[in-house]
Amino acid sequence: MLYKELAELYKRLEKTTLKTLKTKFVSDFLKSVTKPELLEIVPYMILGKVFPDWDERELGVGEKLLIKAVSMATGIKSEEMENSIKDTGDLGESIALALSKRKQKSFFSQPLTLERVYNTLVKVAEASGAGSQDRKLKYLANLFMDASPEEGKYLARTILGTMRTGVAEGLLRDALADAFKVKVELVERAYMLTSDFGFVAKVAKLEGNEGLAKVEIQVGKPIRPMLAQMAANVREALIEMGGEAEFEIKYDGARVQVHKDGDNVVIYSRRLENVTKSIPEVVERVKKTLKARKAIVEGELVAVGEGGRPKPFQYVLRRFRRKYNIEEMIEKIPLELNLFDVLYVDGKNMIDVQFMERRKVLEKIVNSNEWIKPAENLITKNPEEAEEFYHKALELGHEGLMAKRLDSVYEPGNRGKKWLKLKPTMENLDLVILGAEWGEGRRSGVLSSFLLGAYDPVRGDFVPVGKVGSGFTDEDLIEFTKMLKPLIKKEHGKEVELEPKVVIEVAYQEIQKSPKYESGFALRFPRYISLREDKGPEDADTIQRVAELYQFQERMKGGK
Ligand SMILES: Nc1ncnc2c1ncn2[C@@H]1O[C@H](COP(=O)(O)OP(=O)(O)OP(=O)(O)O)[C@@H](O)[C@H]1O
């Protein structure tokens with residue numbers, strides 16, 4: 001299949017903001033893919049990616065290397081291209097321009113096929129060790145040599161991860177269902193269980209609804225995590241859970257999903273990114289501690305401070321980010337793993353098994369020690385007892401408690417009422433930065449006020465709920481400016497419109513009903529708390545969640 005056809009799709013997607021049209025374009029394109037093995041790749045390419053997020057492979061190509069490759073392919077100097085980028089404000093456009101100016105394509109030039117693009121990008125990702133930069137450069141230059149200006153533009157955006165076609169996971173799911181005449185719910189289910197659109201697309205095409213319904217958990221492919229709603233207090237939680245519940249400590253760390261297959265252990269973060277390499281000591285401990293040969297377990301990884309007290313979750317994220325001198329970090333930030341669920345064990349899918357049973361199995365397969373153990377729990381009907389446990393958890397420096405319904409099954413990707421969380425403060429929100437304003441005076445040259453949006457999964461879009469300017473240090477703002485500048489889409493005077501990528505946690509005094517924003521809600525006195533690098537834009541809090549929190553807040557006010 002020609003890459004040109006995909007480039008054509010990107011172009012059509014860019015030209016419309018209508019979700020229905022976009023869905024149709026994607027669906028038509030998916031239908032036109034005849035080779036099933038290509039279908040494994042195409043959904044990711046449509047999302048502007050080469051690999052799923054949970055794949056360990058990364059291209060490792062920055063702007064500089066890319067410019068160099070195009071320069072090699074066109075004979076246009078890197079400096080000239082850099083100047084052009086300043087003029088157009090868009091690397092993709094400048095690359096297209098460079099390719100259109102190049103002298104004739106070589107006599108041996110071959111049209112780009114999708115297969116060739118993909119295989120070359122795989123080689124780029126897999127190049128490592130001495131001389132790898134040069135090899136990457138050569139592979140890329142070869143691609144650009146045969147690319148048309150338009151193909152070059154989209155290739156560049158895929159390589160840098162800056163594709164802006166407005167296709168999110170929800171849209172892709174709907175398009176897949178439409179293209180292969182299968183049920184949306186079954187596509188969703190298969191995706192929640194495997195997080196692999198490539199695999200789901202292939203099953204949908206080849207086996208239809210029946211095949212999709214049979215899709216099972218696979219060790220090595222992350223499952224979308226089950227999530228919780230808030231409870232006002234222990235009593236409310238107990239009533240919701242049918243009178244009896246398992247209360248567990250809510251640890252303040254980073255969620256991980258551990259996949260073990262014999263000696264092969266892979267660990268995914270909350271965003272289902274592969275973090276295995278950054279935490280080798282945890283991998284080793286899992287091998288020794290998990291008795292099952294094949295298993296998928298979930299837990300909260302906590303950074304342990306002095307006297308065994310937990311440190312804020314950002315410490316764990318620092319561990320995830322570290323790519324070298326990991327040994328040093330193992331000593332500096334020791335990690336403890338508190339397991340709270342088991343989703344698969346030795347050939348048995350556990351997600352349809354009741355929570356009470358899952359917990360028993362979890363206790364059986366873990367050889368507990370000080371580093372890895374099942375989350376501390378209390379099964380009770382008694383509110384006073386639960387209340388006491390709650391206070392103990394807070395005194396020990398934990399975030400609060402989780403309450404889990406004993407007879408509930410594991411619902412991948414769902415934020416229902418089978419899990420409730422109890423925390424002493426009003427829930428902070430994790431929101432996406434949609435826009436910003438350039439500062440003035442002491443803050444001129446840095447972005448200093450940020451428009452925040454909640455995710456609307458129905459529309460696959462983000463809706464504004466407020467602006468935050470407080471809580472940032474000067475260093476934070478410098479950092480944010482660096483991070484957000486490449487995401488600028490448009491500028492109007494002092495205001496900039498941004499690609500929705502960065503998620504931050506904000507505290508606020510209250511959620512108000514407000515006509516100011518389309519969402520109908522506005523945050524009162526929002527304050528920046530932390531950067532949520534562990535969340536992608538689609539993991540941000542949803543507009544439904546904001547509405548729920550509003551109701552929760554009103555319930556609390558009413559003392560109910
Ligand atoms: N014992 C536990 N059981 C389940 N989740 C736990 C437990 N201890 C800590 N957690 C964490 O709490 C989260 C559950 O809360 P929620 O579903 O709201 O997730 P979240 O959106 O990541 O929110 P938060 O920012 O509160 O962690 C889990 O994702 C997990 O990271």
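Computed from a prediction, not measured in an experiment: that's the story for all the values here.

Side note on the pairing of strand β10 (residues 400–405)
Among the 6 residues in β10, 5 count as buried, and that is most of the element. In the sheet, strand β2 (residues 245–250) pairs with β10 via 6 bridges, with the strands oriented antiparallel. Paired with A245 across the strands is R405, a residue of β10. As defined by bridge partners, β10 adjoins strand β11 (residues 415–422) across 4 bridges and the pair is classed as antiparallel. In the strand pairing of β11, L401 is matched with L422.

Brief notes about the UniProt feature "domain: ATP-dependent DNA ligase family profile" (unreviewed entry) in the protein chain
Under the UniProt annotation, the feature "domain: ATP-dependent DNA ligase family profile" (unreviewed entry) is placed at residues 328–456. Segment residues 328–456 splits into 22% helix and 42% strand. End C-alpha atoms: 41 Å apart.

Concerning the packing of aromatic side chains
Counted by the stated rule, this structure contains 12 aromatic pairs. Between Y10 and Y154, the ring centres sit 5.1 Å apart and the planes meet at 40 degrees, which makes this aromatic pair tilted. Residue Y10 is located in helix α1 (residues 3–15), and its partner Y154 is located in helix α10 (residues 149–160); the two are separated by 144 residues in the primary sequence. Since its relative accessible area comes to 0%, Y10 is described here as buried. Aromatic side chains F472 and Y528 sit 4.4 Å apart centroid to centroid with 10 degrees between the ring planes, which places their arrangement in the stacked category. Taken together, the positions of F472 in the loop between β14 (461–468) and α20 (474–484) and Y528 in strand β20 (residues 527–531) put the pair 56 residues apart, joining distant regions of the chain. In textbook terms, an aromatic cluster arises when at least three aromatic residues are bridged by ring pairs, as seen for F450, F472, F480 and Y528. When the ring centre of W371 is taken as reference, the NZ or CZ atom of R285 above it lies at 4.1 Å.

Thoughts on the site of the ligand
In the vicinity of the ligand lie 19 residues, with A228, R255, E300, K404 and K421 positioned nearest. Interatomic distance of 3.0 Å between a backbone N/O atom of Y251 and a nitrogen atom of the ligand. Residue R532 places a side-chain N or O atom 3.4 Å away from an oxygen atom belonging to the ligand. Elements represented by at least two residues in the shell around the ligand include exactly β1 (227–230), β2, β10 and β11.

What to know about the side chain of S94
Within the secondary structure layout, S94 lies in helix α7 (residues 91–101). Given a relative accessible area of 2%, S94 falls into the buried group. The contact partners of S94, leaving out residues within four places of it in the chain, are S84, I85 and T88.

Some words on the sheet that holds β11
The strands that make up a sheet pair up through hydrogen bonds in the backbone, lying either parallel or antiparallel. Pairing is mixed across the open sheet formed by 5 strands, whose spatial order is β1-β11-β10-β2-β9. Edge positions in the sheet fall to β1 and β9 (377–380), since each has one partner strand and no second. Ignoring strand direction, the axes of neighbouring strands in this sheet form an average angle of 35 degrees. As defined by bridge partners, β2 adjoins β9 across 4 bridges and the pair is classed as antiparallel. The residue of β9 that forms the bridge with A245 is T380. Each of β2, β9 and β10 touches helix α18 (residues 355–365); the most contacted strand, β2, lies at about 50 degrees to it. In the packing of helix α19 (residues 383–395) onto the sheet, contacts are made with β2, β9, β10 and β11, and the angle to β10 comes to roughly 140 degrees.

Topic: the packing of helix α8 (residues 114–126) against helix α9 (residues 132–145)
Axis separation between α8 and α9 bottoms out at 9 Å; the angle between their running directions is 165 degrees. In terms of orientation, α8 and α9 fall into the roughly antiparallel class. Between α8 and α9 the crossing geometry is left-handed. Contacts between α8 and α9 involve R116, V117, T120, L121, K123 and V124 from the former and K136, Y139, L140, N142 and L143 from the latter.

A look at the UniProt feature "binding site: ATP" (unreviewed entry) in the protein chain
Annotation from UniProt places "binding site: ATP" (unreviewed entry) at E248, R255, R270, E300, F340, R415 and K421. As for its placement among the helices and strands, E248 is situated in strand β2. Residue classification places R415 among the partly exposed positions, given a relative accessible area of 22%. A polar contact of 2.8 Å, which involves the side chain of R415, links it to the backbone oxygen of A228.

With respect to a negative patch on the surface
A contiguous patch of negative charge, built from E63, E79, E80 and E82, is present on the exposed surface. Turning to its location among the elements, E82 is positioned in helix α6 (residues 78–88).

Quick word on the confidence of the model for the protein chain
When pLDDT is averaged across the protein chain, the result is 92; 98% of the residues are at 70 or more. Of the two predicted TM-score estimates for the complex, the pTM is 0.81 and the ipTM is 0.96.

About the cut-offs
By convention here, each chain's residues receive numbers from 1 onward along its written sequence. In keeping with the model being predicted, local features are shown solely for residues with a pLDDT of at least 70 and side-chain atom pairs are shown and tallied solely at 80 or more, while totals for entire chains, interfaces and linings include all residues. The side-chain values count all of the structure's non-hydrogen atoms but skip hydrogen atoms and water molecules. The classification of residues rests on relative accessible area computed with a 1.4 Å probe and restricted to protein chains. Under 20% of the type maximum is buried, over 50% is exposed, and intermediate values are partly exposed. Runs of E in the DSSP output that reach at least two residues are strands. Runs of H or I that reach at least four are helices, and both are numbered from the N terminus. Note on pairing: two strands pair once DSSP finds at least 2 bridges between them. UniProt positions are given in the numbering used here, feature names are shortened, and annotations may be inferred rather than shown by experiment. Note on aromatic pairs: the rings of Phe, Tyr and Trp (six-membered ring only in Trp) are paired at centre separations within 6.5 Å, and the planes decide the class, stacked below 30 degrees, edge-to-face beyond 60, tilted for the rest. The criterion is that NZ of a Lys, or CZ of an Arg, lies within 6 Å of the ring centre and within 35 degrees of the ring normal, and then a charge sits over that ring. Here a residue counts as near a molecule or strand whenever at least one of its heavy atoms sits within 4 Å of it. Polar contact criterion, stated in full: a pair of N or O atoms within 3.5 Å, where within protein one must be able to donate a hydrogen and the other to accept it, and residues adjacent in sequence count only if both atoms are side-chain atoms. Note on contacts: a residue pair qualifies if any of its non-hydrogen atoms lie within 4.5 Å across the two residues. Under this scheme, a helix contributes an axis fitted over its contacting stretch, all axes are lines through C-alpha atoms, and angles between N-to-C directions fall in the 0 to 180 degree range. Any angle that is under 35 degrees is reported as roughly parallel, and any over 145 degrees as roughly antiparallel; angles of 65 to 115 degrees are reported as roughly perpendicular and all others as oblique. A crossing counts as left-handed when the near helix is turned anticlockwise from the far one by less than a right angle, and as right-handed when that turn is clockwise. Like-charged residues within 9 Å of one another, or nonpolar side chains (Val, Leu, Ile, Met, Phe, Trp, Tyr) within 5 Å, are grouped into patches, provided each residue has over 30% relative accessible area and no salt bridge. Note on areas: Shrake-Rupley with a 1.4 Å probe; residue coverage comes only from the protein chains shown. Salt bridges are identified by distance alone: a Lys or Arg side-chain nitrogen within 4 Å of an Asp or Glu carboxyl oxygen. Only four residue types enter the charge count, namely Lys and Arg as positive and Asp and Glu as negative; His and the chain termini do not. One atom stands in for each charge, and that atom is NZ of Lys, CZ of Arg, CG of Asp or CD of Glu. Known as pLDDT, the predictor's confidence for each residue is given on a scale from 0 to 100.

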